[in-house]
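An overview of the molecular structure
Below, each chain spelled out in residue letters.
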Amino acid sequence: MMLQSFATAIFMISAAIQASGVTVPITDALVHGLVTINVGAGNYMLIVDSGSANTWVGAKTPYQPGPNSKDTGETVTVHYGSGNFSGKVFLDNVDLSSELVVSGQSIGVAKTSTGFNDVDGVLGLGPSDLSSGTTSGGGVVPTVTENLFTEGAINSNLVAISLEPSTSTHEGEIIGEISFGEVDSSKYTGDINYTPITLTSPASTFWGLDASFQYGASRANVLSTTAGIIDHTTSLLLLATDAFKDFQKLTGATPDTNTGLLKVPSTETLESLFFQVKEVTYEITANALIWPRALNSIIGGEAAGIYLVVGDHGSPSGSGLDFVIGYSILRRFYTVLDTGNHRIGIATTPHTHDTTN
Ligand SMILES: *[C@@H]1O[C@H](CO)[C@@H](O)[C@H](O)[C@H]1NC(C)=O
């Protein structure tokens, strides 16, 4: 979990949605997705985070230990771009669905947390090394995915995440799924193209990859091949400052002080942004570059304003983490976070070219 531009736009859902099979539904909280899972004797709504590795509960609904709950005596603290939590480490059973049960999962139980007002905690899908140094016991905390694999509940040590753009302002609608241990071929089009996790630090500690970005039919260079990451809890597409400025020039966008986003006067001149991973090019359509207009008021924008989902990462390119492909963009693609093969898969979906704005 990295930067969060709209940390306040987190919404509750009323109904708990319990899954069966190897997939778990994701509900929409506008700037990230949520899953509802059982931990111990309780049911919790957790943020789906591919940018951190600790799974924890208790921010809102207090932790209810199950019969197999074990207090390890360790403490845990995790700092995020937009908050933190601190508490105790328990081992307990986690039921993601009827088929996906982990026994003895290390979970955090929050004593204090900041920035998690309407959710219970986080499902950390990041590489487990991201948990290094978070617990008093030291070492790395295996993720839920890794434990599912070790315990034989899934055949491959991976998760695949499907999302789609929202067609309404109805928070809590199901807009995707996490598929544990296998890909769901009904959720993508064409092939999944895989790329190894980047060797460039610090992107290499996340779901990091090497990619370049080009704008428009002329394919004007925005960012030459460099390392960045995929993060389902960053709301926007963040680019290194120099690339962000180039994107701003190419689109003619201006910063809007009310929303903190870029704004363009009309959609007419807006073109697609492309990103290339090895020899494969993916299109982020002009429509996908626009913040959902139905949600303009939530971010303090004008109802008819055209705001863009591209933001400034705040450091110059060459920092080792030059872009973050966040939730707004990931709603148009299928992603495979493949721990076992140390690689990331990306595919287009039936929604890559949707016109929702
Ligand atoms: C979490 O963040 C808040 C607000 O920035 C801060 O006051 C608190 O000390 C932090 N807690 C931890 C455990 O770092």
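Residues numbered from 1 in each chain as written. Predicted model: local features only at pLDDT ≥ 70, side-chain atom pairs only at ≥ 80, totals over all residues. Heavy atoms only, no water.

For the rest of this paragraph, the subject is the packing of aromatic side chains. For the coordinates displayed, the defined rule picks out 11 aromatic pairs. Measuring from centroid to centroid gives 4.9 Å for Trp 56 and Phe 116, while their planes differ by 85 degrees, and the two rings are edge-to-face. One end of the pair, Trp 56, is in strand 4 (residues 56-57); the other, Phe 116, is in the loop between strand 7 (101-114) and strand 8 (121-124), and 60 residues separate them in sequence. Comparing Trp 56 with Phe 116, the two get one shared label, buried. With centroids separated by 5.4 Å and ring planes inclined at 70 degrees, the aromatic side chains of Tyr 80 and Phe 116 adopt a geometry described as edge-to-face. Taken together, the residues Tyr 80 in strand 5 (residues 70-80) and Phe 116 in the loop between strand 7 and strand 8 connect sequence positions 36 residues apart. Take Phe 116: its relative accessible area is 3%, and that puts it in the buried class. Aromatic ring contacts, followed pair by pair, group Phe 213, Phe 275, Tyr 282, Phe 323 and Phe 333 into a single cluster. (Phe/Tyr/Trp six-rings, centres within 6.5 Å; stacked < 30°, edge-to-face > 60°. Helix = DSSP H or I, 4+ residues; strand = E, 2+ residues; numbered from the N terminus. Buried < 20%, exposed > 50% of the residue type's maximum accessible area, 1.4 Å probe, protein only.)

Here we have seven strands laid out as an open sheet, ordered 18-17-12-13-21-14-20, and mixed in their pairing. Of all the strands in the sheet, just strand 18 (280-284) and strand 20 (310-312) have a single pairing partner and so form its edges. Taking each pair of neighbouring strands and ignoring which way they run, the sheet shows an average axis angle of 35 degrees. Direction of pairing for strand 14 (residues 237-239) relative to strand 21 (residues 323-325): antiparallel, over a ladder of three bridges. (Pairing = 2+ DSSP bridges. Axes fitted to C-alpha atoms, helices over the stretch in contact; angles between N-to-C directions.)

With that settled, consider the nonpolar core. With 84 residues, the main nonpolar core has Leu 96, Ile 178, Phe 180, Phe 213, Leu 239 and Phe 247 as its most contacted residues. Among the elements that line this core, the one with the most residues is strand 13 (residues 220-230), at five residues. Looking at which domains feed residues into this core, each of domain 1 (4-180) and domain 2 (188-348) supplies at least three. Filtering out sequence-adjacent residues up to four positions away, Phe 247 remains in contact with Tyr 215, Val 222, Leu 239, Leu 262, Leu 273, Leu 289, Leu 308 and Val 310. Core analysis: the second largest hydrophobic core is formed by 14 residues, Ala 29, Met 45, Ala 110 and Val 122 among them. (Core = buried A, V, L, I, M, F, W, Y, C linked by side-chain atoms within 4.5 Å. Domains from an automatic or database assignment. Contact = heavy atoms within 4.5 Å.)

Moving on: the domain arrangement of the protein chain. Once the domains are mapped, the protein chain shows domain 1 (4-180) and domain 2 (188-348). Measuring from the centre of the C-alpha atoms in domain 1 to the corresponding centre in domain 2 gives 25 Å. At the junction of the two partners, domain 1 supplies 34 residues and domain 2 supplies 28 residues. Carbon and sulfur atoms make up 61% of the surface buried where domain 1 meets domain 2, a total of about 2600 Å² over both sides. Where domain 1 touches domain 2, the interface holds one salt bridge. Close ionic contact of Arg 331 with Asp 28 constitutes a salt bridge, the shortest N to O distance being 3.3 Å. Linking domain 1 to domain 2 there are 12 residue pairs in polar contact (both at pLDDT 80 or more). Elements with a minimum of two residues in the side of domain 1 that touches domain 2: strand 3 (42-49), strand 9 (158-163) and strand 10 (174-180). Sorting elements by how many residues they give to the side of domain 1 that touches domain 2 places strand 9 first, with six residues. (Buried area = accessible area lost by both parts, 1.4 Å probe. Salt bridge = Lys/Arg side-chain N within 4 Å of Asp/Glu carboxyl O. Polar contact = N/O pair within 3.5 Å; in protein donor to acceptor, adjacent residues only side chain to side chain.)

Now for the side chain of Ser 106. Structurally, the position occupied by Ser 106 is in strand 7. Once residues within four sequence positions are removed from consideration, Ser 106 is found in contact with Thr 55, Val 89, Phe 90, Leu 91 and Val 141.

Below, the discussion takes up the sheet that holds strand 19 (residues 306-308). The antiparallel open sheet is built from three strands, whose spatial order is 15-16-19. Because the sheet does not close on itself, it has two edges, and the strands there are strand 15 (254-255) and strand 19. Pairing analysis gives two bridges linking strand 15 to strand 16 (residues 262-264), with the strands arranged antiparallel. Counterpart to Thr 254 in the pairing with strand 16 is Lys 263. Across the sheet, helix 2 (residues 241-251) is in contact with strand 15, strand 16 and strand 19; its angle to strand 16 comes to roughly 15 degrees.

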